[in-house]
Amino acid sequence: MELWKQSFGDTDDYIRLFFERAYRDDQTLVFKQNGRIVSALQILPYEMSYCGTTLTAGYICGVCTLSSERGKGLMSRLMIQALEEMGNHNFAIAVIIPASTSLFDLYRRFDFANAFDYSLEEIQSGNEPFQPRPDVNVVSHDILPPDAIYAYYRQKQHERQCSILHADFQFETIRQERILGGGEIWAAITNTKIAGLAFTDPVRNNTLSIREIMCDHEEIKFELVQAILDHHRLKKGTLRLPPSLPNSIPYGMAKIINKKQMIERFRTFHAPTLLPDFYNFDVISLTQTLLKYDQRQAQMNLMLD
């Protein structure tokens, strides 16, 4: 916790939340000098939907080294060991979110490939006061049963062909992290059922940022966006969406760990007679091909990054 705070500058409340709900000793690798932890990373297991099934993904996070010990290769040693550990425990794929754009090149040295992008859409309120549809009620999450919110969220996640999934415990951590950091979760209700969810970041500079939105159709999306803007009396904001070409923004990287498992699943799902021999691909090319990065198919969001 001391190393984490020195490295990332997170609040005590956030650090406490992470270590209470996400941290585990057996998922953590550390480098010690004279009994003191000077470098560390964690491997959090997630499910990933892939080609009609689910696989196990290892999310590498909390990658940090004491400032006085950087540049000595400690993190490289931990990263190599982390990838070996994931191979030993039959993880299909490793994923990571670089803390800055400059780190993408660093992780490519370990054969990580760009895999998870997102797109941004500018949103704004109308010129006239917002008049909600009578059949759509937009409400804050705290008046709805958490189980109902998660059930809708998981349903929408599974509709995506290739996506990092959140189990119920992980989703509850994300929900608490949103609220703790000043964000919000909103739901659109139609016929007493949830028809849309939106996750917001804290409002900054009079601009709303909606980090994730999932809806049954475009009309619900419009109602959600306008209702949230109206609640905050804001005129503009940004909406984060699944990636679309040509204007996708790099977010996360991936490296296939279990080639056989990933290749066989891909070949089973697609027409095998039309596919190349994937075993001749280098790791970066294989990762991007099997995750269909050319189509920006893989998705990852609301991680503890």
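Bear in mind that the values here come from a model prediction, so they are computed numbers and not experimental data. (Residues numbered from 1 in each chain as written. Predicted model: local features only at pLDDT ≥ 70, side-chain atom pairs only at ≥ 80, totals over all residues. Heavy atoms only, no water.)

Visitor: Can you help me understand unusual backbone geometry in this one?
Guide: Excluding glycine, most residues fall at negative phi; most peptide bonds, likewise, are trans. Residue L245 is joined to P246 through a cis peptide bond whose omega torsion reads 5°. Relative to the assigned elements, P246 resides in the loop between β11 (236–241) and β12 (249–256). A positive phi is found at N90, a non-glycine position, where the angle reads about 65°. With respect to the helices, strands and loops of the structure, N90 is situated in the loop between α3 (74–88) and β4 (93–96). Positive phi, close to 55°, is recorded for N206, a residue that is not glycine. Residue position: N206 is located in the loop between β9 (193–200) and β10 (208–215). Look at N206 and you get exposed, because its relative accessible area is 60%. (Helix = DSSP H or I, 4+ residues; strand = E, 2+ residues; numbered from the N terminus. Buried < 20%, exposed > 50% of the residue type's maximum accessible area, 1.4 Å probe, protein only.)

Visitor: Explain the state of the cysteines to me, please; I cannot follow it from the model alone.
Guide: Note: disulfide means a covalent bond formed between the sulfur atoms of two cysteine side chains. Counted under the stated rule, the structure contains zero disulfides. In this structure C51 is not part of a disulfide, and its nearest cysteine sulfur, from C162, lies 7.3 Å away. (Disulfide = S-S within 2.5 Å.)

Visitor: So what exactly am I meant to see when it comes to the packing of helix α2 (residues 12–21) against helix α6 (residues 168–180) here?
Guide: For the pair α2 and α6, the least separation of the axes is 11 Å and the interaxial angle reads 175°. On the basis of the axis angle, α2 is roughly antiparallel to α6. Counting all contacts with α2, which are made through D13, Y14, L17 and R21, the residues of α6 involved are F169, E172, T173, Q176, E177 and L180. A breakdown of the residues in the contact of α2 with α6 according to their chemical character gives four nonpolar, two polar and four charged. (Axes fitted to C-alpha atoms, helices over the stretch in contact; angles between N-to-C directions. Parallel < 35°, antiparallel > 145°, perpendicular 65-115°, else oblique. Contact = heavy atoms within 4.5 Å. Nonpolar A, V, L, I, M, F, W, Y, C, P; charged D, E, K, R; others polar.)

Visitor: Looking at this structure, I do not really get empty space enclosed by the protein. What am I missing?
Guide: Remark: the empty space left among the atoms is shown by a probe the size of a water molecule rolled over them. Per the stated rule, a full pass over the model turns up two cavities of 30 Å³ or more. Within this model, the largest cavity holds a volume of roughly 120 Å³. In terms of lining residues, the largest cavity is bounded by 16 residues, among which R160, E212, Q299, M300 and N301 are the most central. Elements with a contribution of two residues or more to the lining of the largest cavity: β5 (113–124), α5 (146–158), β7 (162–165) and β11. In the lining of the largest cavity, the residues fall into seven nonpolar, five polar and four charged. Looking at the second largest cavity, its volume works out to about 40 Å³. Forming the boundary of the second largest cavity are Y50, C51, Q161, C162, F266, F269, L290, K292 and Q297. Looking at the lining of the second largest cavity, its residues break down into six nonpolar, two polar and one charged. (1 Å grid on protein atoms, 1.4 Å probe; cavity = no way out; pocket = protein on both sides within 12 Å on 5 of 7 lines; lining within 4 Å. Points joined across faces, edges and corners; volume = space filled by probe spheres on them.)

Visitor: Help me understand the environment of S209, please; the structure alone is not making it clear to me.
Guide: Within the fold, S209 resides in strand β10. Sequence separation of S209 and G237 is 28 residues, and the distance between their C-alpha atoms is 5.5 Å. Once residues within four sequence positions are removed from consideration, S209 is found in contact with F199, T200, D201 and T238.

Visitor: Could you clarify how one ought to interpret the side chain of S49 in this entry?
Guide: Note that S49 resides in strand β2 (residues 36–50). Polar contacts involving the side chain of S49 include one to the main-chain carbonyl oxygen of R160, which spans 3.2 Å. In contact with S49, not counting residues within four places along its chain, are T54, Q157, R160, Q161, C162, S163 and L165. (Polar contact = N/O pair within 3.5 Å; in protein donor to acceptor, adjacent residues only side chain to side chain.)

Visitor: In this structure, what is going on with helix α9 (residues 283–290)? I would like to understand it.
Guide: Within an α-helix, residues lying three or four positions from one another point in the same direction, as the helix has 3.6 residues per turn. Among the residues making up α9, those that are buried are V283, L286, T287 and L290. Buried positions in α9, seen along its axis, are confined to an arc of 100° and lie on one side of it. Among the residues of α9, the N-terminal cap falls to D282, whose side-chain oxygen and the backbone nitrogen of I284 are separated by 3.2 Å. Phi for K292, located one or two positions after α9, is positive at around 50°. (Arc of directions from axis to C-beta.)

Visitor: It is not clear to me how the pairing of β4 should be interpreted in this structure. Could you clarify?
Guide: Residues in a regular strand project their side chains so that they alternate between the two faces of the sheet. Going residue by residue along β4, you find I93 and V95 tucked away on one face and A94 and I96 tucked away on the opposite face as well. Chirality of the crossover, the property in question, places the unit of strand β3 (residues 53–65), α3 and β4 among those that are right-handed. (Right-handed = clockwise from strand over helix to strand, strands pointing away.)

Visitor: In this structure, what is going on with the packing of aromatic side chains? I would like to understand it.
Guide: Going through the model one piece at a time under the given rule, you end up with 14 aromatic pairs. Where F18 meets F19, the ring centres are 5.6 Å apart and the plane angle is 70°; that geometry is what we call edge-to-face. A residue is classified by how much of its surface remains accessible, and F18, at 1% relative accessible area, is buried. An angle of 50° between the planes, with centres 5.4 Å apart, marks the rings of Y150 and F171 as tilted. (Phe/Tyr/Trp six-rings, centres within 6.5 Å; stacked < 30°, edge-to-face > 60°.)

Visitor: Where do I start with the nonpolar core in this structure?
Guide: Across soluble globular proteins, you tend to see nonpolar side chains buried next to one another. Residues Y50, M262 and L291 are the most contacted members of the largest nonpolar core, which totals 54 residues. Other than its neighbours up to four places away in sequence, Y50 contacts L55, Q161, C162, M262, R265, F266, L290 and L291. By size, the runner-up hydrophobic cluster in this structure holds 26 residues, among which are L29, M86, Y107 and F110. (Core = buried A, V, L, I, M, F, W, Y, C linked by side-chain atoms within 4.5 Å.)

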